[in-house]
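Summary of the model geometry
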Amino acid sequence: MYEGLLKQYKEYLPITENTPMISLAEGNTPLIPLHSLSKELGINLYGKYEGLNPTGSFKDRGMVMAVAKAVEEGAKAIVCASTGNTSAAAAAYATRAGVKAYVVIPDGKIAMGKLAQAIIYGADIISIPGNFDEALKAVRDIAKTEAVALVNSVNPYRLEGQKTAAFEVCEQLGQAPDVLAIPVGNAGNISAYWKGFKEWHDLKGTSLPRMHGFEAEGAAAIVKGEAIDQPETIATAIRIGNPASWTLAEAARDESNGHIDAVTDEEILNAYRKVAAQDGVFVEPGSAASLAGVIQHVKSGKIKPGETVVAVFTGNGLKDPDTAINATDVKISKMSDLEEMRMHLRNGVSEL
Ligand code: F0G
């Protein structure tokens, strides 16, 4: 039986005999071949569907490790700032480990599904009028004086847990892809993947991918080379103007001969609709930044024909139903009788 990341990758993680082996069976997510988009783009494209983790995002990988270490070190409470997914994962793993979670979120800028998760898992939810960057600054200060463990990705155990996704990609493909495309928000995940690819290559000779990271244009601090005071994007998960792992992300880009570029909200929404409608995979808008970037880089030649590309789909589309409904022309045919329904189907099917 698969029992989660801490057991699966024990020897590659900072686990001691005192580390509680908590688990919600996170990790082990599918690498889905995207047939329609592969054909259209002329590449071998796969989605690493992190939306199938227990709380619906990749955050579970880092959180299981960070919470286990916090408990090992005697913490009774954890705290994080979040655009939503980190708070959902923190709340779930805190419950699992029997500690309390405090989560700080930007008021009104978190997707409904994520808020629902923090509520139902029983976190203490604090909303502030500022954005994620301000929330992160606040919790970093608070964690210095209060008896709470900070579980944002500035906590190195988070990146340790998250690097396991790169291990899985290599195992699933039999080697590293040519390109790993990934959304960039606070820049922890791109840094964690790069660490994971390097470690796996050293152990197994799986080769190294080029890391292609994508920020939302209204929040593209790394691309623009300066922090952004008022980041804005429809992809609220990555609405971050001053990424904490900025330097590590640049190192991942440079060491791998990769790129960090910006994608517009329009490109994000286009990719978001396409992968659902063409390949049957529903991801959240922030996650679609990876695919938006792949499409952009195929056009610009930064990804070449025939290359193997893995796009990381960091979160599940169900997290943010409002965007799904608002981003499409919703067409629901209201019908009250069977005959009308029959004719509707008959006409539709005859056109196929
Ligand atoms: N995709 C999703 C769905 C996210 O929730 C996040 C970050 C990212 C991508 C970017 O990852 O920050 O490691 O570069 N969400 C954080 C949160 C900030 O609070 O849930 P990153």
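Since this is a predicted model, take the numbers as computed values, not measurements. (Residues numbered from 1 in each chain as written. Predicted model: local features only at pLDDT ≥ 70, side-chain atom pairs only at ≥ 80, totals over all residues. Heavy atoms only, no water.)

1. Quick look at the sheet that holds strand β4 (residues 100-106)
Spatially, β5-β4-β3-β6 is the arrangement adopted by the four strands of the open sheet, whose pairing is parallel. A strand with exactly one partner marks an edge of an open sheet, and here the two such strands are β5 (124-128) and β6 (149-150). Two strands pair when backbone bridges link them, and strand β3 (residues 77-81) and β6 are joined in this way by two bridges, in the parallel orientation. Counted as the bridge partner of I78 is A149 from β6. (Pairing = 2+ DSSP bridges. Helix = DSSP H or I, 4+ residues; strand = E, 2+ residues; numbered from the N terminus.)

2. Some thoughts on the packing of helix α4 (residues 85-97) against helix α5 (residues 112-121)
The interhelical angle for the contact between α4 and α5, taken along N-to-C directions, is 20 degrees, at an axis separation of 8 Å. What the angle tells us is that α4 and α5 run roughly parallel. For the crossing formed where α4 meets α5, the hand is left-handed. Contacts between α4 and α5 pair N85, S87, A88, A91, A92 and T95 from the former with K114, Q117, A118 and Y121 from the latter. When its residues are assigned to classes, the contact of α4 with α5 shows five nonpolar, four polar and one charged. (Axes fitted to C-alpha atoms, helices over the stretch in contact; angles between N-to-C directions. Parallel < 35°, antiparallel > 145°, perpendicular 65-115°, else oblique. Left-handed = near helix turned anticlockwise from the far one by under 90°. Contact = heavy atoms within 4.5 Å. Nonpolar A, V, L, I, M, F, W, Y, C, P; charged D, E, K, R; others polar.)

3. Observations concerning the packing of aromatic side chains
Scanning the model with the defined rule gives eight aromatic pairs in all. Here the aromatic rings of F167 and W200 are separated by 4.2 Å at their centres, their planes lie at 25 degrees, and the arrangement is stacked. Of the two residues, F167 is situated in helix α8 (residues 164-173) and W200 in helix α9 (residues 188-204); the sequence distance between them amounts to 33 residues. Across this residue pair, the class does not change: F167 and W200 are buried. Each member of the aromatic cluster is reached from another via a ring pair, and the members are Y9, Y12, F167 and W200. (Phe/Tyr/Trp six-rings, centres within 6.5 Å; stacked < 30°, edge-to-face > 60°. Buried < 20%, exposed > 50% of the residue type's maximum accessible area, 1.4 Å probe, protein only.)

4. Looking at the pattern of salt bridges
Using the criterion set out here, one finds 20 salt bridges in the structure. With a closest N to O distance of 3.0 Å, E255 and K198 form a salt bridge. One end of the pair, E255, is in helix α11 (residues 246-255); the other, K198, is in helix α9, with 57 residues separating them in the sequence. Note on K198: relative accessible area 31%, which makes it partly exposed. If you follow the salt bridges from partner to partner, you end up with K48, E50, R61 and E168 in one network. (Salt bridge = Lys/Arg side-chain N within 4 Å of Asp/Glu carboxyl O.)

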